[in-house]
Amino acid sequence: DLTPTHISWQPSLNARAHRTDRYANTELTVRRGQGFTITLYFNRPRQAGESLAFITEIGPAPSESHRTKAVFNLSEVGASGWSAVQVPSEAGSMNFTISSPANAVIGRYNLTLQVTSGNKIFSRFLGQFVLLFNPWCPGDDVYVATENERQEYVLNENGIIFVGNARYIEARGWYYGQVSQEEFSWALTLPPVAFALSPAIDVSRRGDPKYVGRVISSMINGNDNDNGVLLGKWQGSFHSHENPSRWDGSVVILQKWRQDNYRPVQYGQCWVFAGVMCTVLRCLGIPTRLVSNFNSAHDVDRNLSIDKYYDSSGKSLNIGKDSTWDYHVWNESWFLRPDLGGSYSGWQVLDATPQEQSKGLFQCGPASVVAIKEGDVDLDYDTLFVYSEVNADCNRWIVYSDGTKKRVYCDTEIIGRSISTKAIGSNSRVDITYNYKYPEGSAEERRVYKKALAKIFGSSFTEGRRESPSEAIRNPGIAGRFKLAEPPLFGKDINLILILNNLSVDHKTVKVDMSASTILYTRRTVAEILKATTSVDLGSRQGKNIRIKIPYSYYGKYLTTDKRIQVTALCEVMHMNGAKLLVEKTIILEDANIIIKIPRRIVVNKAATLEISYANPLPEPVDRCVLLVTLMNQQVKIRLAPLAARERSKIYFEFTPRRTGPLQLQVDFSCDKFSHVKGFVTLAVAPA
């Protein structure tokens, strides 16, 4: 019998051609819709009358009807779209180029050679290879037209996550590491239980990026899945597990998940879920990026309206199911939507953060960004939920001591601000708000909002629903805003000014109830730290300033790692039938910067030294100081001497980069009084 004795997968040649040369796995890894070459050595030369065919199989019970099995003869394109051709080779061996269709199922395949000689057919198992999505192939649903986009959204392992709030946006580094062994192993073994499908049917659908994306959005979180990667937690203590702010990348999370026998890692929050999901999707070849939505709504009852409640002194109350987060991070992936029609192709929202169940599971998307912008909230999947996140109304209510509620304000513009993503090829921020909605207050935006309401409740419901932008329910005839007198630095007193203006010629007496509380980035109150009442007389069109001071001693012990304080002023115009104005501001306290100084030139395989400067901004000493320095998931923990009040210190850190190109180095500083102050720098490593 003609028998193969040895196979060469041509790993270097194929990996370069398929842009998988940085993957850490040892198996041949190629992309669909593109040929790869193997070399077979036989026990003797092939004789006349002997024909060759190949068989590819994937998953349990592979079948041609499910497109999980293909049998194709040499030099013929089979009905499955798979083909094999013989190409020139050296004496004693045979080279074959095997090609898959651009819509093939992705995952780990078995490859078998079938030899036919007369009436005799026998098969020899050759080995396994891995097939991925191919954004370089025009026939693939995930095809991206430009090389710089493919490099950024598929191959770039270094990410930027934008956090903070709409007025103070910060950049945080994240290492995706999508080519590491941990990500690769996990991405290829997605369990089918997420959709209660048979394993065979589940595998047969893994050629569809929208199905794969939806499954992964469910599997990243462990809130309704015992084998999910991460558990979410947004309040309470993290002492017994990992504070979500501790994470700087995906690889260490997936390593811990595997080491703990696939029990969910504790804990994650939105940017962590998004970072891990981006890693897995890029690993599989689906172009993906992170998106931050500032003033992000969570509309539980799905009526395109967020209700926020305050007591009669202006303190924010933790009642009601709706919420508005300072920011929320999700993923966008790029692929076609033939199920919706060509106009809805392109970027699709996928969100692994467990906020609301969709069809019985914590999963979200893919929702077409075009559908969101156009108000087509009835389209699959979860378009209504994402539309509310970027374009809901925000109603503010006063809750009186007898339990009655009064709506005092409706803001139609506050939700969905400064929607941001990382620029291609740099760490800059790109504002993509216009991708999600028309300009607030424009005729187009109002038309789309009414269209979305009509799709939910019917056309008759929309009449009179949306007021003019930022219209007060009862105009109190005054305007107000908070202004910081100086930058709000962590460890120092906060000085701000409430500016009130009389908008009419009538004299007004205004009672002002002020409240300040430490909050989470989800705007949930942690502790009230200040409460005060005053009154001010405003003459005809007069403006006055009220100065407010929040000492460090008031807020220091109540801050979380979010370092946020919310200040409110409920301004009641006396003798005007209870007309009220609510003024609100969220303050993010600025950390003492970590300063990283790098050499002018860094060369691969050559030691380099960095200077890392860190500080204690507090008016008191700190102890148990620790610096974590991370480069490509390699982490060094450095225990440091205590720092005196307001002291800054520095260390010198030596490292040797083992590959060329951009590398992200991350620094995390913690002590006994605060934790997880972040800094990062992107290093350009030159060839030797």
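Residues numbered from 1 in each chain as written. Predicted model: local features only at pLDDT ≥ 70, side-chain atom pairs only at ≥ 80, totals over all residues. Heavy atoms only, no water.

Draft legend 1. Inspection of the overall build of the protein at higher detail. Along its length, the protein carries twelve helices and 39 strands. A compact globule built from 688 residues should have a C-alpha radius of gyration of about 26 Å, and the protein, at 29 Å, falls within 12% of that. Overall, the C-alpha framework of the protein stretches about 105 × 70 × 40 Å when taken along its three principal axes. Counting over 688 residues, the protein shows a buried share of 57%. Residue pairs in contact within the protein that sit at least 24 positions apart in sequence constitute 68% of those at least 6 positions apart. Counting every atom, the protein has about 28,000 Å² of accessible surface; 48% of that belongs to carbon and sulfur. Across the protein, the mean location of the 80 positive side-chain charges is 4 Å away from that of the 69 negative side-chain charges. (Helix = DSSP H or I, 4+ residues; strand = E, 2+ residues; numbered from the N terminus. Rg over C-alpha atoms; globule rule 2.2 N^0.38 Å. Buried < 20%, exposed > 50% of the residue type's maximum accessible area, 1.4 Å probe, protein only. Contact = heavy atoms within 4.5 Å. Areas by Shrake-Rupley, 256 points an atom, 1.4 Å probe, with all protein chains shown as cover. Lys, Arg positive; Asp, Glu negative; His and termini not counted. Charge placed at Lys NZ, Arg CZ, Asp CG, Glu CD.)

Draft legend 2. Quick look at the sheet that holds strand E29 (residues 543-550). Strand order in the open sheet formed by three strands is E25-E26-E29, with antiparallel pairing between adjacent strands. Each having just a single partner strand, strand E25 (478-484) and E29 make up the two edges of the open sheet. Geometrically, the sheet is characterised by an average inter-axis angle of 20 degrees between neighbouring strands, direction not taken into account. As paired strands, strand E26 (residues 494-502) and E29 are joined by eight bridges and run antiparallel to one another. Bridge pairing links Leu500 to Lys544 in E29. (Pairing = 2+ DSSP bridges. Axes fitted to C-alpha atoms, helices over the stretch in contact; angles between N-to-C directions.)

Draft legend 3. Layout of the nonpolar core. If you look at the biggest cluster of nonpolar residues, it comprises 60 residues, and the most contacted ones within it are Leu498, Val512, Ile550, Tyr555, Ile565 and Phe669. The dominant element in this core, judged by the number of residues it contributes, is strand E30 (residues 564-573), at five residues. With residues up to four places along the chain from it excluded, the contact list for Phe669 reads Ile594, Tyr614, Ala615, Cys625, Val626, Leu627, Leu640, Leu643, Phe674, Ser675, His676 and Val677. One finds Ile106, Ile220, Leu230 and Trp257 within the second-largest nonpolar core, a separate group that totals 51 residues. (Core = buried A, V, L, I, M, F, W, Y, C linked by side-chain atoms within 4.5 Å.)

Draft legend 4. Region of interest: the sheet that holds strand E27 (residues 508-519). Strand order in the open sheet formed by four strands is E28-E27-E30-E31, and the pairing between neighbours is antiparallel. Edge positions in the sheet fall to strand E28 (525-538) and strand E31 (580-588), since each of these pairs with one other strand and no more. Between one strand axis and the next, the sheet turns through 15 degrees on average, direction left out of account.

Draft legend 5. Spatial organisation of the state of the cysteines. Tallying each qualifying case throughout the model produces zero disulfides. Of the cysteine sulfurs around Cys270, a residue in no disulfide, the closest is that of Cys364, at 13 Å. The exposure class of Cys270 is buried, given its relative accessible area of 0%. Of the cysteine sulfurs around Cys671, a residue in no disulfide, the closest is that of Cys625, at 5.2 Å. (Disulfide = S-S within 2.5 Å.)

Draft legend 6. Looking closely at the pattern of salt bridges. All told, the structure shown has 33 salt bridges when counted by the stated rule. A salt bridge links Glu584 to Lys308, with the shortest nitrogen-to-oxygen separation between them at 3.5 Å. Of this pair, Glu584 sits in strand E31 while Lys308 sits in strand E15 (residues 305-311); the two residues are 276 residues apart in sequence, bridging distant segments of the chain. Residue Asp668 is joined to Lys678 by a salt bridge in which the shortest nitrogen-to-oxygen separation is 2.7 Å. A residue pair is termed long-range when its members are at least 10 positions apart, and Asp668 in strand E38 (residues 661-670) and Lys678 in strand E39 (residues 677-686) qualify at ten residues. On the basis of relative accessibility, which here comes to 1%, the residue Asp668 falls in the buried class. Three or more residues joined by partner-sharing salt bridges are found here, namely Asp248, Asp668 and Lys678. (Salt bridge = Lys/Arg side-chain N within 4 Å of Asp/Glu carboxyl O.)

Draft legend 7. Examining the UniProt feature "domain: Transglutaminase-like" (unreviewed entry) in the protein more closely. Under the present numbering, the feature "domain: Transglutaminase-like" (unreviewed entry) in UniProt falls on residues 262-354. The span residues 262-354 is 16% helical and 43% strand by assignment, and the distance between its end C-alpha atoms comes to 18 Å. (UniProt positions renumbered as here; feature names shortened; annotations may be inferred.)

Draft legend 8. Local environment of the side chain of Asn633. Its place among the elements puts Asn633 in the loop between strand E35 (625-631) and strand E36 (634-640). Judged by its relative accessible area of 19%, Asn633 is buried. Here Val252 takes part through its backbone nitrogen, which lies 3.4 Å from a polar atom of the side chain of Asn633. (Polar contact = N/O pair within 3.5 Å; in protein donor to acceptor, adjacent residues only side chain to side chain.)

Draft legend 9. Structural context of helix H6 (residues 251-259). Looking only at H6, the buried set comprises Val251, Ile253, Leu254 and Trp257. Take H6 and look down its axis: the buried residues cluster within an arc of 165 degrees, on one side only. Following H6 by one or two positions, Asn261 has its phi on the positive side, about 60 degrees. (Arc of directions from axis to C-beta.)

Draft legend 10. Spatial organisation of the pairing of E28. Of the strand pairs in this sheet, E27 and E28 are connected by twelve bridges, and their pairing is antiparallel. Across the sheet, Lys511 pairs through a bridge with Ser535, a residue of E28. Following E27, the chain reverses through five residues before pairing antiparallel with E28; Arg523 in that reversal takes a positive phi of roughly 70 degrees.

Draft legend 11. Local environment of the domain arrangement of the protein. Here the protein is described as being made up of domain 1 (4-132), domain 2 (147-464), domain 3 (478-588) and domain 4 (595-686). Of note, the centres of domain 1 and domain 4, computed from C-alpha atoms alone, are 48 Å apart. (Domains from an automatic or database assignment.)

Draft legend 12. Highlighting the packing of aromatic side chains. Summed over all chains, the structure comprises 26 aromatic pairs. Judged by centre distance (6.0 Å) and plane angle (55 degrees), the ring pair of Trp330 and Tyr436 falls under tilted. Separated by 106 residues along the polypeptide, Trp330 in strand E16 (residues 323-335) and Tyr436 in helix H10 (residues 433-436) bring together distant segments of the chain. Trp330 gets classed as buried once you look at its relative accessible area, which sits at 0%. (Phe/Tyr/Trp six-rings, centres within 6.5 Å; stacked < 30°, edge-to-face > 60°.)

Draft legend 13. The arrangement of the pairing of strand E8 (residues 107-117) in detail. Of all eleven residues in E8, eight are buried; the element is thus mostly enclosed. Pairing geometry for strand E4 (residues 50-58) and E8, over nine bridges, is antiparallel. Directly across from Ser51, in E8, lies its bridge partner Thr116. Alignment of E8 against strand E9 (residues 120-132), held across eleven bridges, turns out to be antiparallel. Residue pairing for E9: Gln114 is matched across the bridge by Ser123. Between E8 and E9, which pair antiparallel and follow one another directly, the connecting turn spans two residues, one of which, Gly118, has a positive phi of 65 degrees.

Draft legend 14. Up close: the UniProt feature "active site" (unreviewed entry) in the protein. Under the present numbering, the feature "active site" (unreviewed entry) in UniProt falls on Cys270, His328 and Asp351. A maximum C-alpha distance of 10.0 Å is found for the annotated residues, which run over 82 residues; spatially they form one tight group. Following the sequence through the fold, His328 ends up in strand E16. Judged by relative accessible area, His328 falls into the buried class, the value being 1%. Ignoring anything within four residues of it in the chain, the contact list for His328 reads Cys270, Val291, Ser292, Asn293, Ser296, Asp351, Thr353, Gln355 and Glu389.

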